[in-house]
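Chain by chain, the residues:
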Amino acid sequence: EEPGRLARFQERIDAEERIEPNDWMPAAYRRTLIRQISQHAHSEIVGMLPEGNWITRAPSLRRKAALLAKVQDEGGHGLYLYAAAETLGVTREELVDQLLSGAAKYSSIFNYPTLTWADIGAIGWLVDGAAIMNQIPLCRTSYGPYARAMIRICKEESFHQRQGYEIMLTLCRGTPEQKAMAQDALNRWWWPALMMFGPPDSESQHTAQSMRWKIKRFTNDELRQKFVDATVPQGLYLGLTFPDPDLRFDPETGHWRFGAIDWEEFRRVLAGHGPCNRERLEARRRAHAEGAWVREAALANAAKRRQRTAY
Ligand code: FAQ
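Read on for an overview of the structure. (Residues numbered from 1 in each chain as written. Predicted model: local features only at pLDDT ≥ 70, side-chain atom pairs only at ≥ 80, totals over all residues. Heavy atoms only, no water.)

**Comments concerning the overall build of the protein chain**
Then, in step 1: Each helix and strand counted, the protein chain has 13 helices and 2 strands in total.
Then, in step 2: By the compact-globule yardstick of 19 Å for 311 residues, the protein chain fits well, its C-alpha radius of gyration being 21 Å.
Then, in step 3: Dimensions of the protein chain, computed from the C-alpha atoms along their principal axes, are close to 70 × 50 × 35 Å.
Then, in step 4: Across the 311 residues of the protein chain, 48% fall into the buried class. (Helix = DSSP H or I, 4+ residues; strand = E, 2+ residues; numbered from the N terminus. Rg over C-alpha atoms; globule rule 2.2 N^0.38 Å. Buried < 20%, exposed > 50% of the residue type's maximum accessible area, 1.4 Å probe, protein only.)

**Topic: the packing of helix H6 (residues 118-135) against helix H10 (residues 220-238)**
Then, in step 1: Where H6 meets H10, the axes come as close as 10 Å, and the angle between the chain directions of the two elements is 145 degrees. As H6 runs across H10, the sense of the crossing is right-handed. For the pair H6 and H10, contact is made by Trp125, Leu126, Gly129, Ala130, Met133 and Asn134 and by Leu223, Lys226, Phe227, Ala230, Thr231, Gln234, Gly235 and Leu238, respectively.
Then, in step 2: For the contact of H6 with H10, the residue count by class is 8 nonpolar, 5 polar and 1 charged. (Axes fitted to C-alpha atoms, helices over the stretch in contact; angles between N-to-C directions. Left-handed = near helix turned anticlockwise from the far one by under 90°. Contact = heavy atoms within 4.5 Å. Nonpolar A, V, L, I, M, F, W, Y, C, P; charged D, E, K, R; others polar.)

**A word on the side chain of Ser107**
Then, in step 1: Its location among the elements puts Ser107 in the loop between helix H5 (92-100) and H6.
Then, in step 2: Other than its neighbours up to four places away in sequence, Ser107 contacts Ser43 and Met196.

**A closer look at H6**
Then, in step 1: For H6, with 18 residues, the first-to-last C-alpha span of 24 Å sits near the 26 Å given by 1.5 Å per residue.
Then, in step 2: Its axis deflected by about 25 degrees at Gly124, H6 carries its strongest bend there.
Then, in step 3: Counting buried positions along H6 gives 16 out of 18 residues, so the element sits mostly inside the fold. (Expected span 1.5 Å × (residues − 1). Bend = angle between axes of the 7 residues up to and from the residue.)

**Section: helix H1 (residues 2-14)**
Then, in step 1: With 13 residues, H1 extends 18 Å between its outermost C-alpha atoms, agreeing within 8% with the 18 Å of an ideal straight helix rising 1.5 Å per residue.
Then, in step 2: In the stretch just after H1, Glu16 is the one whose phi turns positive, near 65 degrees.

**Re the pattern of salt bridges**
Then, in step 1: Scanning the entire structure with this criterion turns up 19 salt bridges.
Then, in step 2: In this structure, Arg188 and Asp184 form a salt bridge, with 3.0 Å as the shortest nitrogen-oxygen distance. Of this pair, Arg188 and Asp184 both sit in helix H8 (residues 176-195), 4 residues apart, which is roughly one turn of the helix.
Then, in step 3: What makes Asp184 partly exposed here is its relative accessible area of 32%. (Salt bridge = Lys/Arg side-chain N within 4 Å of Asp/Glu carboxyl O.)

**Here we look at the packing of aromatic side chains**
Then, in step 1: Counted under the stated rule, the structure contains 11 aromatic pairs.
Then, in step 2: Ring geometry for Trp190 versus Phe242: centroids 4.6 Å apart, planes at 70 degrees, classification edge-to-face. Placement of the pair is Trp190 in helix H8 and Phe242 in the loop between H10 and strand E1 (248-250), with a sequence separation of 52 residues.
Then, in step 3: Among the residues examined, Trp190 registers a relative accessible area of 0% and is labelled buried.
Then, in step 4: The class for Phe242 is buried, based on a relative accessible area of 11%.
Then, in step 5: Grouping aromatic residues by their ring pairs yields a cluster made of Phe9, Trp24, Tyr29 and Trp213.
Then, in step 6: Stacked on the ring of Trp54, the Lys or Arg Arg57 has its end atom at 3.9 Å from the ring centre. (Phe/Tyr/Trp six-rings, centres within 6.5 Å; stacked < 30°, edge-to-face > 60°. Lys NZ or Arg CZ within 6 Å of the ring centre and 35° of its normal.)

**Observations regarding the environment of Gly274**
Then, in step 1: Along the chain, Gly274 turns up in the loop between helix H11 (263-273) and helix H12 (277-290).
Then, in step 2: C-alpha separation for the pair Gly274 and Phe110, spaced 164 residues apart in sequence, amounts to 9.4 Å.
Then, in step 3: Excluding residues that lie within four positions of it along the chain, Gly274 makes contacts with Asn111, Arg268 and Val269.

**Re the site of the ligand**
Then, in step 1: In the vicinity of the ligand, 35 residues are found, and the nearest of them are Gln39, Lys105, Ser204, His206 and Lys216.
Then, in step 2: At 3.0 Å, a side-chain N or O of Arg35 approaches an oxygen atom of the ligand.
Then, in step 3: Coverage of the ligand by the protein chains reaches 92% of its 1,100 Å² of free accessible surface.
Then, in step 4: Sorting the residues of the shell around the ligand by element identifies helix H2 (27-46), helix H4 (61-86), H6, helix H7 (144-172) and H11 as the ones contributing at least two each.
Then, in step 5: Here the element with the most residues in the shell around the ligand is H2; it accounts for 6 residues. (Near = heavy atom within 4 Å. Polar contact = N/O pair within 3.5 Å; in protein donor to acceptor, adjacent residues only side chain to side chain. Areas by Shrake-Rupley, 256 points an atom, 1.4 Å probe, with all protein chains shown as cover.)

**Quick look at the nonpolar core**
Then, in step 1: Among the nonpolar cores identified, the biggest contains 76 residues, and Tyr29, Ile37, Tyr143, Trp189 and Trp190 are the most heavily contacted of them.
Then, in step 2: Of the residues forming this core, the biggest block, 10 residues, is contributed by H7.
Then, in step 3: Filtering out sequence-adjacent residues up to four positions away, Tyr29 remains in contact with Phe9, Ile13, Ile19, Ser142, Tyr143, Trp213 and Ile215. (Core = buried A, V, L, I, M, F, W, Y, C linked by side-chain atoms within 4.5 Å.)

**A few points about the packing of H7 against H10**
Then, in step 1: Between H7 and H10, the shortest axis-to-axis distance is 9 Å and the interhelical angle comes to 30 degrees. It follows from the interaxial angle that H7 and H10 lie roughly parallel. Residue-level contacts link Gln161, Tyr165, Met168, Leu169 and Cys172 of H7 to Gln234, Tyr237 and Leu238 of H10.
Then, in step 2: A per-class count over the contact of H7 with H10 returns 6 nonpolar, 2 polar and no charged. (Parallel < 35°, antiparallel > 145°, perpendicular 65-115°, else oblique.)

Below you can see the structure in the form of structure tokens.
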């Protein structure tokens, strides 16, 4: 029975059918999705922290309103992604516990500090730009609830990316000090943004199987290259330089070739030793503890409503 089921499952995937929550699926497919979707959800939630740091210091009311909306969107993305993961039979509480205990991963990028206002521009331009490159193909991922969640998320990410690029453009057209601030932010965020796509294909444990299951539609290196090709001309338009002496356009392939990524740094950040890992988890734990009364009140309210409708 099992080999036949597996073969039929793969046929459905190959025929581009969406897999839905009540359909039969291999246990490893379910595990991979719970892992990827929950890591993605945690990234959105932890990703609110570096930018949250600048909400009270945004330079104008317009910038503040846009940043506030962006950070709220990220909270929303985290919530739809947790809901998509829950359709696979895991509870929100289990997922949150995995994040708070340090057992679950979230994107390496959110372990870097936001030192100046230009970092808000660089995050929108580069981090949201990388997120879009990775997430547009996920709108066609084989698991229905994840694919549908990604459609709305990508529309919002596109607004986030433009908001960031516009901050960079304004700084680059401003005073020499403002332009230097934009350059410094690019210098610090460029390499970590390239690491967001994950380890090189030769070292990626999950890519081959996730491509067969059409959970992933492109490999880590393919998406990284697409991102570099799309982003370098945007940086040149800003009049900025990239912190990579090996970056050059290859007219034969039409791609921008880039230098070696420091994978040692990536491994350190994943192991919990990035500049802000400890601070990020502490902030999440504190928020969870301080929000306990809201969860209790919501449960008490739900219980009362149930009682009322029971009469
Ligand atoms: N950071 O075999 P692979 C956002 C882990 S965007 C930390 O290649 P896979 C929006 C990986 O999990 C950011 N860990 O794995 C926003 C695995 O560990 P495991 C979130 C990483 O899954 C913008 C191991 O390394 N986006 O939040 C990273 O096939 C601005 C081996 O790697 C998503 O999550 C990393 N960078 O490919 C919010 C997108 N890379 O589980 C606020 C969905 C790899 O075995 C502000 N996810 N690892 O212990 C994906 O597309 C994939 O999961 C990849 C990794 C491509 C991230």
